[in-house]
Amino acid sequence: MALGPILLWFRLDLRLSDNPALYRAIETGRPILPLYIWAPEEESPWAPGAASRVWLHGSLKALDSSLKKIGSPLFLFSGKTKNILSQLASDLNAYAIYWNRRYEPKIIERDSKLKSFLEGNGLEVKTFNSHLLVEPWELPTKAGTPYQVFTPFWRALRALPLSKAIPIPQKRLVQLKKAPQGVSLESLKLLPSISWDSGIHQSWVPGEAAAQKSLKLFIDENLHQYEITRDHPARDGTSKLSPYLHFGELSPRQIWHQITSKNIVSENALKAETKENFLRELAWREFAYHLLFHFPKTTEQPLKSKFLKF
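Let me sum up the structure you'll find in this document.

Scoring rules and cut-offs
In every chain, residue numbers begin from 1 and rise along the written sequence. Totals for whole chains, interfaces and linings use all residues, but because this is a predicted model, local features are given only for residues with pLDDT of at least 70 and pairs of side-chain atoms are given and counted only at 80 or more. Hydrogens and waters are ignored; side-chain quantities use all the structure's heavy atoms. To qualify as a helix, a DSSP run of H or I must reach at least 4 residues; to qualify as a strand, a run of E must reach at least 2; elements of each kind are numbered from the N terminus. In this description, contact between two residues means that some pair of their heavy atoms is separated by no more than 4.5 Å. In short, Shrake-Rupley with a 1.4 Å probe defines the accessible areas, and a residue's cover is counted only from the protein chains shown. Charged residues are defined here as Lys and Arg on the positive side and Asp and Glu on the negative side; His and the ends of the chain fall outside this count. Positions of charges follow a simple convention, taking NZ of Lys, CZ of Arg, CG of Asp or CD of Glu. Using a grid of 1 Å spacing that covers the protein atoms alone, one calls a set of points a cavity when a 1.4 Å probe fits there but cannot get out, and a pocket when the set is open and has protein on both sides within 12 Å along at least five of seven lines; lining residues are those with an atom within 4 Å of a point. Grid points are joined across faces, edges and corners, and a volume is the space filled by probe spheres set on the points. For helices, the fitted line uses only the C-alpha atoms of the stretch in contact; every axis is such a line through C-alpha atoms, and the angle between N-to-C directions lies from 0 to 180 degrees. For this classification, under 35 degrees means roughly parallel, over 145 means roughly antiparallel, 65 to 115 means roughly perpendicular, and everything else is oblique. Each crossing gets its handedness from the near helix: less than a right angle anticlockwise from the far helix is left-handed, clockwise is right-handed. Under the scheme applied here, ten amino acids are nonpolar (Ala, Val, Leu, Ile, Met, Phe, Trp, Tyr, Cys and Pro), four are charged (Asp, Glu, Lys and Arg), and all others, including Gly, are polar. Any N or O atom pair separated by 3.5 Å or less is treated as a polar contact, with the protein-specific requirement of one donor-capable and one acceptor-capable atom, and with residues adjacent in sequence counted only for side-chain atom pairs. For a helix, the expected span equals 1.5 Å multiplied by the number of residues minus one. Burial classes follow relative accessibility: with a 1.4 Å probe on protein chains only, a residue under 20% of its type's maximum area counts as buried, one over 50% as exposed, and anything between as partly exposed. Note that the arc is defined by the directions from the helix axis to the C-beta atoms. At least two bridges found by DSSP between two strands are what make those strands a pair. Here a crossover is taken to be right-handed if, once the strands point away from the viewer, the path from the first strand over the helix to the second is traced clockwise.

## As for the overall build of the chain
Next up, step 1: Of regular secondary structure, the chain possesses eleven helices and five strands.
Next up, step 2: Once the C-alpha set of the chain is aligned to its principal axes, its extents read approximately 60 × 45 × 40 Å.
Next up, step 3: Partitioning the contacts of the chain with sequence separation of at least 6, the portion at a separation of at least 24 is 83%.
Next up, step 4: Only carbon and sulfur atoms are counted for the fraction: they give 53% of the accessible area of the chain, which is about 16,300 Å².
Next up, step 5: Here the chain holds 41 positive side-chain charges and 30 negative ones, and the gap between their average locations is 3 Å.

## Things to note about empty space enclosed by the protein
Next up, step 1: Per the stated rule, a full pass over the model turns up one cavity of 30 Å³ or more.
Next up, step 2: Taken as a whole, the largest cavity encloses approximately 40 Å³ of empty space.

## Here we look at the packing of helix H3 (residues 81-92) against helix H4 (residues 105-120)
Next up, step 1: Packing of H3 against H4 brings their axes to within 11 Å, and their N-to-C directions diverge by 25°. With respect to H4, the element H3 is oriented roughly parallel. Judged by the sense of rotation from one axis to the other, the crossing of H3 with H4 is right-handed. Here Thr-81, Lys-82, Leu-85 and Ser-86 of H3 come into contact with H4, specifically with Arg-110, Leu-114, Phe-117 and Leu-118.
Next up, step 2: A breakdown of the residues in the contact of H3 with H4 according to their chemical character gives four nonpolar, two polar and two charged.

## A short note on the side chain of Arg-110
Next up, step 1: Along the chain, Arg-110 falls in helix H4.
Next up, step 2: Reaching out from Arg-110, the side chain makes a polar contact with the side chain of Asp-111 at a distance of 3.1 Å.
Next up, step 3: If near-sequence neighbours (up to four positions away) are discounted, Arg-110 is found in contact with Trp-9, Arg-11, Glu-42 and Thr-81.

## Side note on helix H7 (residues 208-222)
Next up, step 1: Between its terminal C-alpha atoms H7 stretches 20 Å, which fits the 21 Å expected from 15 residues at 1.5 Å a residue.
Next up, step 2: Here H7 has its buried residues at Glu-208, Ala-210, Ala-211, Leu-215, Phe-218, Ile-219 and Asn-222. Each buried residue of H7 lies within a common arc of 165° when the element is viewed along its axis, so the set occupies one face. Among the exposed residues of H7, those pointing more than 90 degrees away from its buried face are Ala-209, Lys-213 and Lys-216.

## Brief notes about the packing of H7 against helix H10 (residues 252-260)
Next up, step 1: Direction vectors running N to C along H7 and H10 enclose 30°, while the axes themselves pass 11 Å from each other. On the basis of their axis angle, the class for H7 and H10 is roughly parallel. For the pair H7 and H10, the crossing hand works out as right-handed. Residue-level inspection shows Gln-212, Leu-215 and Ile-219 of H7 in contact with H10, the latter providing Gln-254, Ile-255, Gln-258 and Ile-259.
Next up, step 2: Split into classes, the residues belonging to the contact of H7 with H10 amount to four nonpolar, three polar and no charged.

## Details of the pairing of strand S3 (residues 75-78)
Next up, step 1: With four bridges joining them, strand S2 (residues 32-38) and S3 adopt parallel strand pairing. Bridge pairing in S3 links Leu-35 to Phe-75.
Next up, step 2: Regarding the hand of the β-α-β motif, the stretch spanning S2, helix H2 (residues 50-69) and S3 is right-handed.

## Quick word on H4
Next up, step 1: Compared with the 22 Å implied by 1.5 Å per residue over 16 residues, the 23 Å span of H4 between its first and last C-alpha is a close match.
Next up, step 2: Residues Ile-107, Arg-110, Asp-111, Leu-114 and Leu-118 constitute the buried set of H4. Angularly, the buried residues of H4 cover 95° about the axis, an arc narrow enough to put them on a single face. Exposed side of H4, more than 90 degrees from the buried face: Lys-113 and Gly-120 are the residues found there.
Next up, step 3: Of the surrounding elements, those touching the buried residues of H4 are strand S1 (6-10), H3, strand S4 (96-100) and strand S5 (124-128).
Next up, step 4: Of the residues trailing H4, Gly-122 is marked for its positive phi of about 85°.

Distances and angles like these do not, on their own, reveal function.
Here it is, written out as structure tokens:
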């Protein structure tokens, strides 16, 4: 019997480039169903807020357009993740589900149970790292324990030979001959009924293409003075990459390697220490996820118990 299709579950990895789950799925040569599930209640107490939902609407629209260029639209679903994935797997006779990992405590708990359930039903489940430079369990101290102080964490991270970003797949995505019925983007009601969000649309453009454009603009025009302008709120000196990183429209590996390989030959001389200053900020993001994974209590309690009543 021929193997069935792969369910490719997009989460906070809404891009084509440097997306290992997408890349590995396409490499199999099997038909693929790219899907996104809107289940905000499963992320409580960190369910997306109103501004995040506005961004997500634009990001999903951009991803759908990008996926169509390589062979398939993005299929949207709303409801309980477990029910939707198991029903899709059954209806399509899928043999595997691929997704990129997340690290919030509630999501780890859900995904672990989901993985066991799906494997128990005969499905192959493969997960990948698309969100971090290095997995939280891959960077222990010499004593084998998690880091709790940033500076030694930064030194250890900086010394690693980090893997390079994966390019956009050159192969086209093999589309299903008979696709399931999803829901429309508008039916998710991510946009507000009262248009308070005009300022977001004036200042930001969600999506992978806009993320890459913002990164290039920052490197070419603002990185050389980042160590100074980042401390002046009235100046346009920060990277403006945070939302793109959050929604996975840009990966930290893409940022890291573009900055470390960049040599600017112009009046905007790029000093080595300027690069390091920004890379340290990227490392702070890594460190936050490191702590979140190893010390999940830190979502509500201090890392050191002696500061509980500080």
